[in-house]
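Below, each chain spelled out in residue letters.
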Amino acid sequence: MTTHSAPYKPMVTTIGLMSGTSLDGVDAAILVTDGVQVERHGHSLTQPYPPATRTMLRSLLDKAARLDAQDPQVLAASHAVTQCHAHAVAALCAQTGGLLPDLIGFHGQTILHQPGRTWQIGDATALSAQTNTPVVHDFRSADVLAGGEGAPLAPLYHAALLQGQKRPVAVLNIGGVANLTYLDPSGTVLACDTGPGNALLDDWTHQHTGQIYDKDGALALSGTVNKAVLAKLMDNPFFTRSLPKSLDRLSFHKGLEHVSALSAADGAATLAAFTAHAVASTQLPHPPEAWFVCGGGRHNPAIMAALRRCLSGTIQPVEVLGWDGDALEAECFGFLAARSLRGLPLSLPGTTGVKTPTTGGRLSCANLAPQRLLPCAALMAQPTHQPPG
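Along every chain, residues carry numbers that run from 1 in the direction the sequence is written. For this predicted model, a pLDDT threshold of at least 70 governs which residues receive local features, and a threshold of 80 or more governs which side-chain atom pairs are given and counted, while totals over whole chains, interfaces and linings are taken from all residues. Only hydrogens and water are set aside; all other atoms, that is, all heavy atoms of the structure, feed into the side-chain values.

Some points on the pattern of salt bridges
To be explicit about the condition: By salt bridge we mean one thing: a side-chain nitrogen of Lys or Arg within 4 Å of a carboxyl oxygen of Asp or Glu. Where helices and strands are cited, they refer to DSSP runs of H or I of at least four residues and of E of at least two residues respectively, numbered from the N terminus.
Tallied over the full model, the rule gives 9 salt bridges. Asp-34 is paired through a salt bridge with Arg-342; the nearest N and O atoms lie 3.6 Å apart. With a gap of 308 residues between them, Asp-34 in the loop between β2 (25–33) and β3 (38–48) and Arg-342 in the loop between α12 (328–341) and α13 (349–352) connect regions that are remote in the sequence. Its salt-bridge partner being Asp-62, residue Arg-58 comes within 3.2 Å of it at the nearest N-O pair. A cluster of three or more residues bridged by salt bridges with shared partners is formed by Arg-58, Asp-62, Asp-203 and Arg-249.

Examining the environment of Pro-288
Test applied: The criterion used for residue contact is that any of the two residues' heavy atoms lie within 4.5 Å.
Inspection of the secondary structure assignment puts Pro-288 in the loop between α10 (264–280) and β10 (290–294). With 122 residues separating them along the chain, Pro-288 and Lys-166 place their C-alpha atoms 9.6 Å apart. Leave out the neighbours within four places in its chain, and Pro-288 touches Pro-168, Val-169, Ala-170, Tyr-182, Ser-312 and Gly-313.

Notes on the sheet that holds β10
In a beta sheet, neighbouring strands pair by backbone hydrogen bonds and run either parallel or antiparallel. What counts is decided by this rule: For two strands to be treated as a pair, DSSP must find at least two bridges joining them. Note on method: axes are straight lines fitted to C-alpha atoms, helices fitted across the in-contact stretch only, with angles between N-to-C directions ranging 0 to 180 degrees.
In spatial order, the strands read β9-β8-β7-β10-β11; together these 5 strands make up an open sheet with mixed pairing. For this open sheet the edge positions go to β9 (189–196) and β11 (314–317), each flanked by a neighbour on one side alone. For this sheet, the mean inter-axis angle between neighbouring strands, taken without regard to orientation, is 20 degrees. On the sheet, helix α11 (residues 301–310) packs against β7 (169–174), β10 and β11 and is oriented at approximately 160 degrees with respect to β11.

Side note on the side chain of Asn-173
Spelled out, the test is: Partly exposed residues are those whose accessible area sits between 20% and 50% of the maximum for their type, while under 20% is buried and over 50% is exposed, using a 1.4 Å probe and protein chains only.
With respect to the helices and strands, the residue Asn-173 is situated in strand β7. Look at Asn-173 and you get buried, because its relative accessible area is 6%. Other than its neighbours up to four places away in sequence, Asn-173 contacts Ala-178, Asn-179, Cys-294, Gly-295 and Glu-329.

Re the domain arrangement of the protein chain
Keep this limit in mind: Domain start and stop positions are those given by an automatic or database domain assignment. By buried area we mean the combined loss of accessible area, with a 1.4 Å probe, across both parts when two parts are placed together.
The assigned domain composition of the protein chain is domain 1 (12–146 + 361–381) and domain 2 (154–321). Look at where the C-alpha atoms of domain 1 and domain 2 centre, and you get two points 25 Å apart. Listed by partner, the interface residues are 13 residues for domain 1 and 16 residues for domain 2. Here domain 1 and domain 2 share an interface that buries about 1100 Å² over both sides, 49% of which is from carbon and sulfur atoms.

With respect to α12
An α-helical turn contains 3.6 residues, so a residue and the one three or four places further along point in the same direction. What counts, and what does not: By this rule the span expected of a helix is its residue count minus one, scaled by 1.5 Å.
For α12, spanning 14 residues, the distance from its first C-alpha to its last is 20 Å, which sits close to the expected 20 Å at 1.5 Å a residue. Extensive coverage of α12 is indicated by the burial of 14 of its 14 residues.

A closer look at the packing of aromatic side chains
In plain terms, the rule: Only Phe, Tyr and Trp rings take part, Trp by its six-membered ring, and two of them pair if their centres are within 6.5 Å. Stacked means planes under 30 degrees apart, edge-to-face means over 60, and tilted covers everything else. Whether a charge lies above a ring is judged from NZ of Lys or CZ of Arg, which has to be within 6 Å of the ring centre and within 35 degrees of the ring normal.
In this structure the tally under the stated criterion is 7 aromatic pairs. Pairing Phe-252 with Phe-274 gives two aromatic rings, centres 5.7 Å apart and planes at 80 degrees, and the pair type is edge-to-face. Taken together, the residues span a long stretch of sequence, with Phe-252 in the loop between α8 (227–234) and α9 (256–259) and Phe-274 in helix α10 at a distance of 22 residues. A network of ring pairs unites the aromatic residues Phe-238, Phe-239, Phe-252 and Phe-274 as a single cluster. Sitting over the face of the ring of Phe-238, Lys-245 holds its NZ or CZ atom 4.3 Å from the ring centroid.

Structure below.
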C-alpha cells in the first residue's frame, strides 16, 4: 500500500474496471486517489465472463477489423460487456457495505488494436445510468490521434506506486499481451508491449484440453521446450523494434502454426518460453535490478520459471511490495480516471510514442444529480502537477 502524509485534496473514491485481452472477465478495484498520489487501496474482485460472453468476444476478435460500431454483433457484445461491468460494480459496492464511488474508470473491452486504431467496446452512458456514478472512458483514442500507439497506459500508475524503489526497476504485466514499465535512475519512464502474454498459451490449452487456460502451468511444466520452434517464434521484426511499441492480442497468433506439430505439452512449454524470451528481447537502457510481475501470468509457474532463466535481476510477484497483482490494472483505470478529470497526461513520449505528454478520456454523467457530480467538480478544480516518474 502506498500512502502519503500530505496528499492533495480532494481525494476521490474511484472504482477502476479492466477487462483484459485474456477475456477472462472483469476486474474491479477501489482506489482513493487524486490522480497524482494514492491515499488508499480498497476492496477488489474479479467476475468471470459467462462462457457465452467469452465465446462471443473471442469470435469477435477474429473479425473486428472488418466490422463497424453499428454491426449487430458489435452492439450485442458491447451490451453484454456493459452488463458484466455493471454487475461487477454492484458486487463490489455490496462487498463494501453499499459504498457508492465518486467516479468510475471504465476501460471497456479491447476488440482491436492496430497502428493508428484502437477499439474498446462498452457503453459508458449506460454504465453511468445503471451505477448512478460519473464514468470516465475512452482512455486511448486521444493518444492515438496525437500519434501515439495508445498502449500501454499503466506506466504512470506503476511509476506513482514505485516511488522510493531502487532503480532501474521494471513492472511486468502478463495478461493476454505482456507489457512492461521501466524506470531508470534519472526518473525517465519507458514502456512497451513485449510480446505475447497468456493469449497464445490460453488458446493452445483450450484447443488441446478444453480448459480456458493452463491452470498452475500444469500442461507447460509437463512438456519440453522445442528450441527450433522457439527460434522461429522469435524471428519476428517486432522484437528488433525500439521502445515504445504495442500489440494486438492476435499479433502473434500465426505463431501457433509453428507449434502445431508439437505435442500438447511441448507446445505449451514452448509458448510459455516464448512469453519469457520476448520479454528478455526488449531493448532497455540498463537491465532492471528488480522485476515485479503482475497479471494472470504470474500465477503460471512455467512462465515465472522461464522468466527467471531469461532475465537478470530478481523476479518476484508484485505482492512482495504489498500490491494486489490481480487488482493492479483495474486500480490503474481508477487512477487514470482521476488524472483525466484534472487534464493530466495519461501517456508520455516514452510510454506510447506520442509526441508530447497527452491527456485523454471522456466523461459520461447520464443526467446525474448535482450532488453526484460535486467530488468530480472539486477534483477538476485542483491545480495540475507534473506526471510521476
